[in-house]
Amino acid sequence: MPAPGYVILLAALAVAAAVPLHAQEPAVVPVDPEPAQTPESATELPDMLVTANKKEQVLRDVPASIAVVDGAALEEFGAQGMEDFLRWVPGVTLMPNEPGATKVTIRGISSELGTNATTGVLFGNVSFNDAYFPFVGLDPNPFDLYGVEVLKGPQGTLYGASALNGAVRYVPNKPEFDTFQTRYFAQYAKVTEGGAAPTYGAAINVPVGGNADKALRLTAHKRESPGYTDDVGRGLEDVNEVEQYGVRGQFAWQFTDRASLSMMVLRQDTEFADDGFADNRDGRLSRDNTPAPNPKTSVYELANAALQYDFDALSVTLEGASVVKHFGEQPDISRLATGEATDPTTPTAIFFNSDTNSLELRAASPGGGEGRWSWVAGAFWSDQPIDSGFDIYANALTGQTVLGHQRSDVAVTERAVFADLTRLLGQAWEVSLGLRGYRTTSGGIALASGPLYGGSENRNEGSVDEQGVSPKASVRWRASDDVQAYVLASRGFRVGGIQPTASALSPSIPRSFGSDTIWNYELGARTQWFADTLRADLTAFHEDWDEPQLAQRDPNNPNPVATYYDNVGGVRSDGAELSLHWLTLIDGVSATVAAAYVRTVTTVPFTTAAGVATEPGTPWPYAPEWQTATTLRYDQPLWEAWQLEASITHTLVSEAWTTLANNVSVYDYQQLDALVGVAALAGPWPAVSFGVTNLLDERAIVQNTFTGPASDVTYTRPRTMIVRLAGQF
């Protein structure tokens, strides 16, 4: 494999699995414990355990806004990626960037194309964010996950620069020491006005030896996503097909009653046959302005190991990770100048490689901090070299003339120390204080040459060194077992760096851009009623975003994709989130309602490079004001060994804008999803379900890449029917 750390961890896994067994009955202390979700009785709502704060906590006792999407629900609906389930979390929207690098917006704090994400995406504790050119993102198949935690608001204290205003954290099912288990699924999807294709996968959990102290868990899947966009100019149908392979291996070893080892490796390869955008805003899933296909390849690999030892007074964990990413694309950009396919074409070759290594040493209070004091503290280091570039050619023939040549060889290093301390005051009050001190270095060299850059080589070299402190503080008050409230203040940051694409044709362009920061202030109430059959939670928040990084078009560069990054003005986001979960009086019927109102606007006047004057109060791009998600569910036993499961989900996303000019809109749609299935309550029989997403076949635009002659728009996936078979033994 390309990453030395990947090879080392694979070798260590093999060695660990071969170590002689020891006779003992160890305590299970996983690195990322699986939360319990079984309710105390069938008439009470379940409590969830989360580890988002790097310690195990009951979700309702966390003084912050966290949503958990249950792994069972992900599998029931046949979810295959972020777009299939994050719409269930109001206040969260998706912006398709490069395929496989979809950007997540939380509470209206969005990043534009080409800039680093404002929301972190993690697998366990491992960040997948890239500080430059986010071509490859983490979007694993949700099969065999415990669930997905969505952390809203800045997470700078514990997760640093990778989570400016929130994080999406995938939590896998952990290996089990005393259970041999095989899980499997197969599903078939048919898209309206598109193709059909299967997806399938399996997972196996194997105890190693006879002392219940080692276990291996292996997961694999193959996904074929049917296309639905036609390239009428080339006479082709359903061109945006996707093929994906993924494997994951996890190993856990409790080698003494105090010491444990957890290891994981994963790889996912995704092949995109062509782009899925259309060239119209009237709902037609077609285009005629691409004279050639735009194939893409996205690959990522992860290796992670954590060694934990429990002393009497504290638990210590040493965790290291290596993340390797590769991306390649061969787009044709001839349409960008005129909006139509041209001859000769203007082919482009894009590549991206990153290799991130990180190490964290942390200590935590023993036993999950069940006493008066609970704390976690540690030190963190990461290094992320990135090698990326593109070539733009005059024609597609061998020996073609290079119009533009761009190379960026940059690296980002982050060093930090952090601590998060919680103290119980009596029976009703809890105070938490967190702090992260950090230092980042971001820089390298960017080269540009060719006619599009003035005919001579342009060079930008240097680094940006920054340091700061990200604090967090909260106070929680428990009025009773059924009513509690909290206040929270937290800060997040995102690194700056050298200008990776600016050319000497525009001397006014800054040669570097700085970090941006955000402060979040929350007031939340958590209530439960009627013997814990109804939960009603309300959160109000205010966020101040200082010097946000904005991608701007270089007006003096004939390169049609020339942009640069700059820090501009300020942004304010105000809103409220409501969550209701009700076990109704009708046997087997439950309902959930979640809603968010968010208003995200500029606070400082400035003028963009395109000459657009932006006054305070201008809506920020990709920030819808209203979102709701409502689910009605019915579960009822059939005979003695079977259960009927049915649900219908309605989601709503209001209108937003793609630029600060507020002249091109996206979103503004509603969607219905339905599911009905039968599951066995016992025995080896599989569950069978039939689901329909986008039942009414809503054609809503979720991305408008260009607002010039070429109008590339991405629509929501059309109505899709899914038949799924899943089981375990």
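Residues numbered from 1 in each chain as written. Predicted model: local features only at pLDDT ≥ 70, side-chain atom pairs only at ≥ 80, totals over all residues. Heavy atoms only, no water.

J.: How should the overall build of the protein chain be read in this particular structure?
T.: A tally of helices and strands in the protein chain yields four helices and 41 strands. Burial statistics for the protein chain: of 729 residues in total, 55% are counted as buried. (Helix = DSSP H or I, 4+ residues; strand = E, 2+ residues; numbered from the N terminus. Buried < 20%, exposed > 50% of the residue type's maximum accessible area, 1.4 Å probe, protein only.)

J.: What is the right way to read the packing of aromatic side chains from this model?
T.: Any pair of aromatic rings gets described here by the distance separating the centres and the angle formed by the planes. Evaluation of the coordinates by the stated rule reveals 18 aromatic pairs. Ring geometry for Phe-128 versus Tyr-300: centroids 5.2 Å apart, planes at 80 degrees, classification edge-to-face. With Phe-128 in the loop between β7 (126-127) and β8 (145-152) and Tyr-300 in strand β17 (residues 296-310), the pair connects residues that are 172 residues apart, well separated along the chain. Exposure class is identical for Phe-128 and Tyr-300. Each is buried. (Phe/Tyr/Trp six-rings, centres within 6.5 Å; stacked < 30°, edge-to-face > 60°.)

J.: Before we go on, may I ask you to explain the environment of Pro-154 in this structure?
T.: Relative to the helices and strands, Pro-154 resides in the loop between β8 and α3 (156-159). With relative accessibility at 4%, the residue Pro-154 sits in the buried group. Excluding residues that lie within four positions of it along the chain, Pro-154 makes contacts with Ala-163, Leu-164, Asn-165, Gly-166, Ser-490, Arg-491, Gly-492, Ile-518, Asn-520 and Glu-543. (Contact = heavy atoms within 4.5 Å.)

J.: So what exactly am I meant to see when it comes to the side chain of Asn-294 here?
T.: Within the secondary structure, Asn-294 is located in the loop between β16 (286-287) and β17. At a separation of 3.2 Å, a polar atom in the side chain of Asn-294 contacts the main-chain amide nitrogen of Asp-332. Look past the residues within four positions of Asn-294 in its chain and what remains in contact with it is Phe-272, Ala-273, Asp-274, Asp-275, Phe-277, Gln-330, Pro-331 and Asp-332. (Polar contact = N/O pair within 3.5 Å; in protein donor to acceptor, adjacent residues only side chain to side chain.)

J.: Quick question: what am I supposed to make of the pairing of strand β37 (residues 665-680) here?
T.: Put simply, side chains in a regular strand alternate between the two faces of the sheet. Note that strand β36 (residues 642-657) and β37 share 15 bridges and pair antiparallel. For Trp-642, the partnering residue across the bridge sits in β37 and is Ala-680. Looking at chain direction, β37 and strand β38 (residues 687-693) are connected through five bridges and run antiparallel. Bridged to Gly-677 within β38 is Ser-689. Where β37 folds back onto β38 in an antiparallel hairpin, the turn is made up of six residues, including Gly-683, whose phi is positive at roughly 90 degrees. (Pairing = 2+ DSSP bridges.)

J.: Which parts of the structure should I look at to understand the pattern of salt bridges?
T.: Side chains carrying opposite charge are able to pair once their charged atoms draw close together. Within this structure, the stated rule accounts for 44 salt bridges. The shortest N-O distance in the salt bridge between Arg-699 and Asp-697 comes to 2.9 Å. Look at Asp-697 and you get buried, because its relative accessible area is 15%. When salt bridges that share partners are traced, they join Asp-61, Glu-430, Arg-476, Arg-478 and Asp-481 into one network. (Salt bridge = Lys/Arg side-chain N within 4 Å of Asp/Glu carboxyl O.)

J.: Whenever I open this one, the nonpolar core confuses me. Can you help?
T.: The nonpolar side chains of a soluble globular protein tend to be buried with one another. In this structure, Phe-85, Leu-86, Phe-123, Tyr-132 and Tyr-170 are the most contacted members of the largest nonpolar core, which totals 58 residues. Contacts of Phe-123, omitting those with residues within four sequence positions, involve Phe-128, Leu-138, Pro-140, Leu-145, Tyr-170, Pro-172, Arg-248, Met-264, Leu-266 and Leu-302. Formed by 18 residues, the second largest nonpolar core is a distinct cluster that contains Ala-52, Val-62, Ile-66 and Leu-151. (Core = buried A, V, L, I, M, F, W, Y, C linked by side-chain atoms within 4.5 Å.)

J.: Before we go on, may I ask you to explain a nonpolar patch on the surface in this structure?
T.: A contiguous nonpolar patch, built from Tyr-188, Val-676, Phe-690, Met-721 and Val-723 and spanning about 420 Å² of accessible area, is present on the exposed surface. Counting through the fold element by element, Tyr-188 comes out in strand β10 (residues 181-191). Classification of Tyr-188 as partly exposed rests on a relative accessible area of 45%. (Patch = residues over 30% accessible without salt bridge, like charges linked within 9 Å, V, L, I, M, F, W, Y side chains within 5 Å. Areas by Shrake-Rupley, 256 points an atom, 1.4 Å probe, with all protein chains shown as cover.)

J.: Got a minute to help me understand unusual backbone geometry in this structure?
T.: Note: most residues except glycine have negative phi, and most peptide bonds are trans. Residue Asp-238 is not a glycine yet carries a positive backbone phi of 50 degrees. Relative to the elements of secondary structure, Asp-238 occurs in the loop between β13 (230-231) and β14 (242-253). For Asp-238, a relative accessible area of 15% puts it in the buried group.

J.: Which parts of the structure should I look at to understand the side chain of Ser-490?
T.: Topologically, Ser-490 is positioned in strand β24 (residues 483-494). Ignoring anything within four residues of it in the chain, the contact list for Ser-490 reads Pro-154, Pro-471, Lys-472, Ile-518, Trp-519 and Asn-520.

J.: Please explain the sheet that holds strand β6 (residues 120-123) as it appears in this structure.
T.: Two pairing modes exist for strands in a sheet, parallel and antiparallel, and in both the strands are linked by backbone hydrogen bonds. The strand order across the open sheet built from five strands is β3-β8-β9-β6-β7, with neighbouring strands paired in mixed fashion. Of all the strands in the sheet, just β3 (66-70) and β7 have a single pairing partner and so form its edges. In terms of strand pairing, β8 meets strand β9 (residues 166-172) through seven bridges, oriented antiparallel. Each residue of the ladder has a partner; that of Leu-145, found in β9, is Pro-172.

J.: Which parts of the structure should I look at to understand the pairing of strand β12 (residues 214-225)?
T.: As judged from the nine bridges shared by strand β11 (residues 196-207) and β12, these two strands associate in the antiparallel manner. Of the residues in β12, the one forming a bridge with Gly-201 is His-221. Taking the residues between adjacent antiparallel strands as the criterion, β11 and β12 are bridged by six residues, where Gly-209 takes a positive phi near 85 degrees. Pairing of β12 with β14, which is carried by twelve bridges, proceeds in the antiparallel orientation.

J.: Help me understand the environment of Arg-183, please; the structure alone is not making it clear to me.
T.: Within the secondary structure, Arg-183 sits in strand β10. On the accessibility criterion, Arg-183 (14% relative accessible area) is buried. Residues Arg-183 and Gly-727, spaced 544 residues apart in sequence, show a C-alpha to C-alpha distance of 5.8 Å. Each residue touching Arg-183, except ones within four places of it in the same chain, is listed here: Glu-75, Phe-143, Asp-144, Asn-173, Gly-201, Ala-202, Ala-203, Arg-217, Gly-727 and Gln-728.

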